[in-house]
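Chain by chain, the residues run as shown.
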Amino acid sequence: MQDYIDLFINSFSDYWNYLVKEITTPSWTNYFYWLVGLSLLVFTLEIIKPWRKDQKVLRRDFWLDLFYLFFNFFLFSLVGYNSISNVAVAAFNDGLKSIGIENLVAIELGSLPVWSQLLIMFIIADFIQWNIHRLLHRVPRLWEFHKVHHSIKEMGFAAQFRFHFMETIIYKSLQYIPLAMLGFGIEQFFIVHMLSVFIGHLNHANLSWDYGPLKYIINNPKMHLWHHARDLPADHKYGVNYGLSLSIWDYLFGTAHVPYHDAHLELGFHGDEHYPDSFGEQLVEPFKK
Ligand SMILES: [Zn+2]
Ligand SMILES: [Zn+2]
């Protein structure tokens with residue numbers, strides 16, 4: 001037990017040191033500066049070529065979502081996720097050892113070229129996340145947490161990060177076992193991570209893009225807007241367009257829905273007129289139900 005407590009405390013201070021180092025030492029594999037850079041890039045595109053020309057540059061909930069961006073990308077890990085997950089992973093591995101399992105790796109990919117490992121990771125992680133996203137819509141308990149993301153009424157790049165911190169826990173824990181079953185030979189999935197952030201920023205941006213024929217593979221602003229539609233089609237009452245980075249899963253499994261393009265599509269969910277609009281209230285709201 002003492003080991004777990006030490007690990008928790010060490011992870012906490014390690015993460016703090018890491019965060020300070022990120023901000024004070026810019027580099028090509030620096031999460032902080034890539035997040036800032038990509039955010040500025042997509043924000044600039046929104047200003048130069050907005051889809052909704054009447055939408056204010058500092059749109060409704062702009063500052064709220066900017067806070068979410070830094071909270072969910074950095075502070076949540078700082079406040080505890082990193083420590084909780086290190087302990088959970090250690091306890092999980094100890095549990096496996098006690099029943100005689102040394103590791104979970106079922107398929108060894110470590111000998112493949114780095115680029116193909118990155119591609120496999122990107123595709124598999126995205127497919128798992130597509131499934132988890134569907135669960136968030138289907139399971140009433142999980143939907144209460146996911147409602148925070150669907151409380152967006154005006155889209156802009158930072159809206160990607162408006163989600164309840166429980167989503168991080170749900171996604172990471174459900175992904176852990178399937179991804180651990182693949183033996184990757186590289187530790188650095190920095191590129192995969194930042195690529196998803198970039199595509200996610202674009203999906204929520206005020207841009208009229210769908211990448212032409214690539215729209216059947218890559219998720220895009222015009223498609224993701226329909227994911228946020230307040231009125232859902234009768235035959236898809238839980239939702240449509242669950243894709244995160246890739247749209248192909250929705251086309252393959254019949255959940256794609258882009259009937260026409262409407263920049264001013266009404267967003268949200270039924271009953272959202274009573275949904276709280278501050279960070280603190282949105283944090284506790286799902287636990288009240
Ligand atoms: Zn959703
Ligand atoms: Zn979204």
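As the structure is a computational prediction, the values presented were derived from the model and not from experiment.

**Quick word on the coordination of the zinc ion (ligand 2)**
At 2.1 Å from the zinc ion (ligand 2) lie its protein donor atoms, namely His149 (NE2), His204 (NE2), His224 (NE2) and His228 (NE2). Viewed at the metal, the four donor atoms of the zinc ion (ligand 2) are separated by angles of 91 to 160°, and the geometry they form is irregular. Between consecutive donors of the zinc ion (ligand 2), the numbers of intervening residues give the motif H-x54-H-x19-H-x3-H. Taken as a pair, the zinc ion (ligand 2) and the zinc ion (ligand 1) show a spacing of 6.0 Å. Using a relative accessible area of 0% as the deciding quantity, one classes His228 as buried.

**Some thoughts on the coordination of the zinc ion (ligand 1)**
In the first shell of the zinc ion (ligand 1), the protein supplies His133 (NE2), His137 (NE2), His146 (NE2), His150 (NE2) and His227 (NE2), at 2.0 to 2.2 Å from the metal. Donor residues binding the zinc ion (ligand 1) come from one chain and are separated in sequence as H-x3-H-x8-H-x3-H-x76-H.

**Regarding the UniProt feature "transmembrane region" (unreviewed entry) in the chain**
When the UniProt feature table is mapped to this numbering, "transmembrane region" (unreviewed entry) covers residues 31-48, 69-92, 112-132 and 176-199. Note that residues 112-132 is 90% helix and 0% strand, and that its end C-alpha atoms are spaced 28 Å apart.

**Remarks on the packing of helix α1 (residues 2-24) against helix α2 (residues 31-48)**
The contact between α1 and α2 brings their axes to 7 Å, and the two run at 55°. Here α2 runs oblique to α1, going by the angle between their axes. In this structure, α1 contributes Tyr18, Glu22 and Ile23 to the contact, and α2 contributes Tyr31, Phe32 and Tyr33.

**As for unusual backbone geometry**
Here the phi dihedral of Asp61 falls at roughly 65°; this positive angle occurs in a residue that is not glycine. Summarising the element assignment, Asp61 is placed in the loop between α2 and α3 (62-98). Notably, Tyr211 is not glycine yet its phi reads approximately 65°, a positive angle. Within the secondary structure layout, Tyr211 lies in the loop between α7 (190-204) and α8 (221-227).

**A word on a nonpolar patch on the surface**
The grouping of Met1, Ile5, Phe8, Ile9 and Phe12 at the surface amounts to a nonpolar patch, some 500 Å² of accessible area in total. Note on placement: Ile9 falls in helix α1.

**Topic: the packing of helix α5 (residues 140-150) against helix α6 (residues 165-180)**
Here α5 crosses α6 at 120°, and the two axes come no closer than 9 Å. Relative to α6, the element α5 is oriented oblique. Where α5 crosses over α6, the handedness of that crossing is left-handed. Contacts from Leu142, Phe145, His146 and His149 of α5 reach α6 at Met166, Glu167 and Ile170. The residue inventory of the contact of α5 with α6, partitioned by class, reads four nonpolar, two polar and one charged.

**Description of the pattern of salt bridges**
For the structure shown, the criterion picks out 10 salt bridges. Between Glu266 and Lys153 there is a salt bridge, with its nearest N and O atoms 3.8 Å apart. Of this pair, Glu266 sits in the loop between α9 (248-252) and α10 (279-288) while Lys153 sits in the loop between α5 and α6, placing them 113 residues apart in sequence. Given a relative accessible area of 46%, Glu266 falls into the partly exposed group. Among the ionic pairs, Arg230 bridges to Glu273, the shortest N-O distance being 2.9 Å. Pair noted here: Arg230 is in the loop between α8 and α9 and Glu273 is in the loop between α9 and α10, with a separation of 43 residues, a long-range link. A relative accessible area of 53% places Glu273 in the exposed class.

The rules we used
- Residues numbered from 1 in each chain as written.
- Chains lettered and ligands numbered in written order.
- Predicted model: local features only at pLDDT ≥ 70, side-chain atom pairs only at ≥ 80, totals over all residues.
- Heavy atoms only, no water.
- Donors = N, O, S within 2.8 Å, 3.2 Å for Na, K, Ca; no water.
- Tetrahedral: all angles 85-135°; square planar, octahedral: opposite > 155°, others 65-115°.
- Buried < 20%, exposed > 50% of the residue type's maximum accessible area, 1.4 Å probe, protein only.
- UniProt positions renumbered as here; feature names shortened; annotations may be inferred.
- Helix = DSSP H or I, 4+ residues; strand = E, 2+ residues; numbered from the N terminus.
- Axes fitted to C-alpha atoms, helices over the stretch in contact; angles between N-to-C directions.
- Parallel < 35°, antiparallel > 145°, perpendicular 65-115°, else oblique.
- Contact = heavy atoms within 4.5 Å.
- Patch = residues over 30% accessible without salt bridge, like charges linked within 9 Å, V, L, I, M, F, W, Y side chains within 5 Å.
- Areas by Shrake-Rupley, 256 points an atom, 1.4 Å probe, with all protein chains shown as cover.
- Salt bridge = Lys/Arg side-chain N within 4 Å of Asp/Glu carboxyl O.
- Left-handed = near helix turned anticlockwise from the far one by under 90°.
- Nonpolar A, V, L, I, M, F, W, Y, C, P; charged D, E, K, R; others polar.

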